[in-house]
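Geometric and topological summary
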Amino acid sequence: MSWKLPAWLSGVLIAALVIAACTPAAPPTATAKPAEAPKPAAAAPAAAPTNTPAPAPAAAPTNTPAPAPAAAPTKPAEAPKPAEPAAGAKPAAVKLSFIGVQSDDQQFALTAILREYQKLRPEVDVQFELLPFAQLFPKIQANAAAKTPTDIILADGPNVWSFAYNGVIAPMDEWFDKDYVAKNWTPTSLLTSQYRGKFFAPPQMESCSVMWFNKDMTDKAGIKPPAEMSESWTTTQALEAWQKVNNPPQVYGVRWGQGNSPGQDYEAGLLRRMAGAKGSNAYKGIGDDSLTITGYFDHPDAVKGHTFFHELYQKHKVSAVEGIPNAWFDQRAAFYISPDNAMGTYNRLGAKFAYGNTALPSMPGGSQICHTDSWHYALGANSAQKKEAAEFIKFLSGPVGSKIFFDRVGQLPSHAELLNTLPDYKSAPRKTVGEMFRMHGQPRIVTVGFTEYNGLMQEFVGNLVAGQNLDVQQLATTLARRSDSLTAKYKDWQTKP
Amino acid sequence: MSAVVAARSARRRLLTLQRRRYLVALLFVLPALLNFLVFRYIPMALAAQASLYDYSLLAGWGDFVLWKNFVRAFEDDIFRTSLWVSIKYAIGKVPLQVLFALLLALFVSREVRGMGVIRTIIFIPVVTSLVVAALLWSMMYNKDLGLLQSLLGVFGLRHPGLLSSSTWALPAIVVMMVWKEVGFSTIIFVAGLKGIPTMFYDAAAIDGANRLQQFLYITLPLLKPITLFIVVTQTISAMQVFVPIFVMTQGGPFFATNAVVYYIYQNGFHYNDMGYASAMSFFILALLVTVAYFQFKLLKGNVEY
């Protein structure tokens, strides 16, 4: 048995191993470096909002310090590369880390906003780590456990309270005074931004679902969805319309919610709140302790809403039990419950049919409601550059950042001034979204235990969609008790230091 | 005297040589050992610690609860249901996969023209991303638009909606995963088949044994160590099933596919209860070690060649 390697070969192999071990890892592919950003020419029109009331002063938030003198170019010899703007040539003195959700729109808009910001603060650079939605929350959790000094965290609205309770994000009152906050965002948008009297996370954008319809199909069926909010359908009238156009498996009457999974609280949780009158337990959805859902989620009125949702799939069969990707855009569903990002998807997918929208229906004896909220910019509690990060957050969420974001993403802005002045929301189809948001917008239940609740809600919705011969009351009560049991650990949330 | 000195010197040289060999060997395995230490054993030790605490990723270390999380696992109906789902999945998948892999291996181990292409086709699903495969199969299974329904539609039939049925969802995932992983087991079996000396078959043929007898009394017994390897690794893998559940059914409907690792994930990441999730993980570890021990006992081959 002669297994011994020649000495020279051993040496080469060991050297190769050492070199391999010392080679730096490849940079993460999701990271958007400024050099990879869209060209300034492409970003410029978006960055120069024509409809923003006072672009120049607004672009420099009052609390943002003037660019540091040291940041001004002092060495002409170190000129920027020809393709880059002059301001981008300076080596960044401040490098902020940003963790957020991955999408082409997010990446484009965030990079464009950064470029605008660098005109004011050329010394600031941002490393974006953008992850698919399903991976973002576990990543934030892992970073929190490892005490990674992330500077800016893009938090989903309902999770802001949980992050604040657990000390994952830091309050920003130092940089956002009360007047500034009250002036810039609508009260609805601020319900999740503020936690126990402190301001934690300004909103990136807003949302509110309406009912979109394929006009070619509704015209053919002789259906005229109401054009005015005051004439909104009841769920009974809506069901009649959905049944008229229902022709499964070619075309279903309605796709209730984005994506093709059974759904989440955002859309699937609307009907149980609609089933209650404003201010009722069913409408509120959660107790005054912001933890208990037993008696609210499983209130007999709420169960009527759950049952209506269940029957769309199992009794009336106007919705596909197994989701169809892009059902409405591919004309596999005539009606579609979604926020106004439906318009962006419609354009992106190149759909070719006439469409319109109308308000979400109300339930007889109940109310009208749309769930609001979207992403928020939050300051990482472990950030070593809180001041710089907070200032960038202020720019991101301010009039310039919000306008750039709207121009790219096309979703309901959270910035009050922008929302009130954009012509897009003064005429159809976005007018319906704006009116629905102002008149009937409510955040999902606001609680530090939203993650637990939402996990259970996904399971519940899946069972409502797929289940046959269901005892909906029992199913709802079981979920409510499990949720209360899981969130009982937060009972100190109002007093925890 | 000089002979004794020479022998000692030779032994010393030998020992030195052995040590050098060990050193070189150690250098080669060191990166792998470091990898195991950093990415396996240290996290396992931390998980063991977490299982004794009210630990969550967001909130950090809570109270020391000793065995509370383990006791909770025994009392948790959903954990028991999830465990049973994983066991059913393993019972459904492992024998089916071993059987198909063996049949395919017998077929593709023959040296005929074009067999390389067939082997490649069988192996392609193994190198396909599991997430992509799960998404594609979800579409194929779709009640309204799926390929399966298109095929059934030719005969005027409609399937019940496999992934939305609490009866059919788990078998549907088993079928997908057998398709996905059978190629790997096939390759292992092919290696085993190639290792059986042909003289055994020649001798059996001279003695008048037919093909079936040769398979039953030569091939199968001599493949026992390979079968053991496949059964043990596939059982462990089956008990850890996660990705197809996450992508295709999210544990539903009505816990029909709520495999135990998915339930552990839910507790760790959705319910902010990593301490309890860690305790359940150790429970599964103990269960798998026990199962593997009995599989070794049952399948350990005493046939040598």
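We now examine the overall build of chain B. Within chain B one finds 13 helices and two strands. Along the first, second and third principal axes, the C-alpha atoms of chain B reach 85 × 65 × 30 Å. Residues classed as buried in chain B amount to 39% of the 305 residues present. Residue pairs at least 24 apart in sequence account for 66% of intrachain contacts in chain B once pairs closer than 6 positions are excluded. For chain B, the exposed area adds up to about 17,100 Å²; of that, 71% sits on carbon and sulfur atoms. Measuring between centres, the 24 positive side-chain charges of chain B sit 16 Å from its 12 negative side-chain charges.

Residues and elements named next belong to chain A. Strand order in the open sheet formed by four strands is E9-E10-E8-E11, and the pairing between neighbours is mixed. This sheet does not close on itself; its edge strands, each paired only once, are strand E9 (252-256) and strand E11 (355-358). Each neighbouring strand pair of the sheet contributes to a mean axis angle of 20 degrees, computed without reference to strand direction. Where strand E8 (residues 210-214) and E11 come together, four bridges link them in antiparallel fashion.

We now examine the confidence of the model for chain A. When pLDDT is averaged along chain A, the result is 83, and 81% of the positions lie at 70 or above. Contacts from residues 1-88 of chain A, a stretch scored under 50 in pLDDT, to residues over four places away or in other chains number 82 contacts.

All right, on to the nonpolar core then. Residue and element names in this part refer to chain A. Counting 74 residues, the largest nonpolar core has Trp242, Trp256, Phe297, Phe309, Leu312 and Phe335 as the members making the most contacts within it. Here the element with the most residues in this core is helix H20 (residues 450-466); it accounts for eight residues. If we skip the residues at most four places from it in the chain, Trp242 touches Met211, Gly253, Val254, Trp256, Phe308, Leu312, Val318 and Phe335. Listed in part, the 64 residues of the second largest apolar core include Ile153, Ala155, Trp375 and Leu396.

With that settled, consider the confidence of the model for chain B. Of the residues in chain B, 93% have a pLDDT of 70 or more, and the chain-wide mean is 90. With a pTM of 0.82, the predicted complex shows an ipTM of 0.85.

Omega for the peptide link from A:Ala428 to A:Pro429 comes to 5 degrees, which places this bond in the cis form. Residue B:Gly252 is joined to B:Pro253 through a cis peptide bond whose omega torsion reads -10 degrees. Along the chain, B:Pro253 falls in the loop between helix H11 (243-249) and helix H12 (260-270).

All names here are of chain B. Two numbers describe how helix H7 (residues 169-194) lies on helix H10 (residues 224-239): the axes approach to 10 Å, and their chain directions differ by 160 degrees. Of the possible angle classes, the one that applies to H7 and H10 is roughly antiparallel. In the crossing of H7 with H10, the sense of the turn from one axis to the other is right-handed. Side by side, H7 and H10 meet where Glu181, Phe184, Ser185, Ile188, Phe189 and Gly192 of the first sit next to Ile226, Thr227, Phe229, Ile230, Gln234 and Ser237 of the second. Per-class residue counts for the contact of H7 with H10 are six nonpolar, five polar and one charged.

Bringing the pattern of salt bridges into the picture now. Residues and elements named next belong to chain A. Summed over the entire model, instances satisfying the criterion amount to 23 salt bridges over all chains. With a shortest N-O distance of 2.8 Å, Glu391 and Arg121 are connected by a salt bridge. Taken together, the residues Glu391 in helix H16 (residues 386-397) and Arg121 in the loop between helix H4 (104-120) and strand E3 (124-131) connect sequence positions 270 residues apart. Of the two residues, Glu391 and Arg121, neither departs from the other in class, the shared state being buried. A salt bridge links Asp301 to Lys304; the shortest N-O distance between them is 3.6 Å.

Counting residues at the interface gives 39 residues for chain A, matched by 31 residues for chain B. Taken together, both faces of the contact between chain A and chain B bury some 3,100 Å²; the carbon and sulfur share is 62%. At the junction of chain A with chain B, the criterion picks out zero salt bridges. For the pair chain A and chain B, the number of links is 14 residue pairs in polar contact (both at pLDDT 80 or more). Mapped by element, the contributors of at least two residues to the side of chain A that touches chain B are helix H1 (7-22), helix H5 (133-146), helix H6 (160-165), H20 and helix H21 (472-487) of chain A. A per-class count over the side of chain A that touches chain B returns 24 nonpolar, eight polar and seven charged.

Residue placement: A:Glu206 occurs in the loop between strand E7 (198-199) and E8. One buried charged side chain, A:Glu206, makes no salt bridge at all; its nearest oppositely charged neighbour is A:Arg444, positioned 7.7 Å away.

Our focus in this paragraph is the domain arrangement of chain B. All names here are of chain B. Looking at chain B, the domain boundaries give domain 1 (2-50) and domain 2 (75-299). Centre-to-centre separation of domain 1 and domain 2, based on C-alpha positions: 37 Å. At the interface, four residues of domain 1 touch four residues of domain 2. Carbon and sulfur atoms supply 77% of the area that domain 1 and domain 2 bury against each other, a total of about 310 Å² over both sides. Contact with domain 2 buries surface across domain 1, with Met44, Ala47 and Ala50 losing the most and accounting together for 86% of the total. Viewed at the interface, domain 2 and domain 1 are joined by zero salt bridges. Between the two partners, domain 1 and domain 2, sit zero residue pairs in polar contact (both at pLDDT 80 or more).

Residues and elements named next belong to chain A. Within the secondary structure layout, Asp373 lies in the loop between strand E12 (370-371) and strand E13 (375-380). The side chain of Asp373 sits in the buried core without any salt bridge; Arg444 is the nearest counter-charge, 5.1 Å away. In this structure, Asp373 is in contact with Gly157, Pro158, Thr192, Glu206, Ser207, Tyr266 and Arg444, ignoring residues within four places of it in sequence.

Residue and element names in this part refer to chain A. As enumerated under the stated definition, the model contains one disulfide over all chains in all. Two residues share a disulfide in this structure: Cys208 and Cys370, whose sulfurs sit 2.1 Å from each other. Judged by the torsion about the S-S bond (-115 degrees), the Cys208/Cys370 disulfide is left-handed. On the criterion of sequence distance, the pair formed by Cys208 in the loop between E7 and E8 and Cys370 in strand E12 is long-range, its members being 162 residues apart. In this structure Cys208 comes out as buried when scored by relative accessible area, which is 0%. For Cys370, a relative accessible area of 0% corresponds to the buried category.

About the thresholds
- Residues numbered from 1 in each chain as written.
- Chains lettered and ligands numbered in written order.
- Predicted model: local features only at pLDDT ≥ 70, side-chain atom pairs only at ≥ 80, totals over all residues.
- Heavy atoms only, no water.
- Helix = DSSP H or I, 4+ residues; strand = E, 2+ residues; numbered from the N terminus.
- Buried < 20%, exposed > 50% of the residue type's maximum accessible area, 1.4 Å probe, protein only.
- Contact = heavy atoms within 4.5 Å.
- Areas by Shrake-Rupley, 256 points an atom, 1.4 Å probe, with all protein chains shown as cover.
- Lys, Arg positive; Asp, Glu negative; His and termini not counted.
- Charge placed at Lys NZ, Arg CZ, Asp CG, Glu CD.
- Pairing = 2+ DSSP bridges.
- Axes fitted to C-alpha atoms, helices over the stretch in contact; angles between N-to-C directions.
- pLDDT = per-residue confidence, 0-100.
- Core = buried A, V, L, I, M, F, W, Y, C linked by side-chain atoms within 4.5 Å.
- Parallel < 35°, antiparallel > 145°, perpendicular 65-115°, else oblique.
- Left-handed = near helix turned anticlockwise from the far one by under 90°.
- Nonpolar A, V, L, I, M, F, W, Y, C, P; charged D, E, K, R; others polar.
- Salt bridge = Lys/Arg side-chain N within 4 Å of Asp/Glu carboxyl O.
- Buried area = accessible area lost by both parts, 1.4 Å probe.
- Polar contact = N/O pair within 3.5 Å; in protein donor to acceptor, adjacent residues only side chain to side chain.
- Domains from an automatic or database assignment.
- Disulfide = S-S within 2.5 Å.

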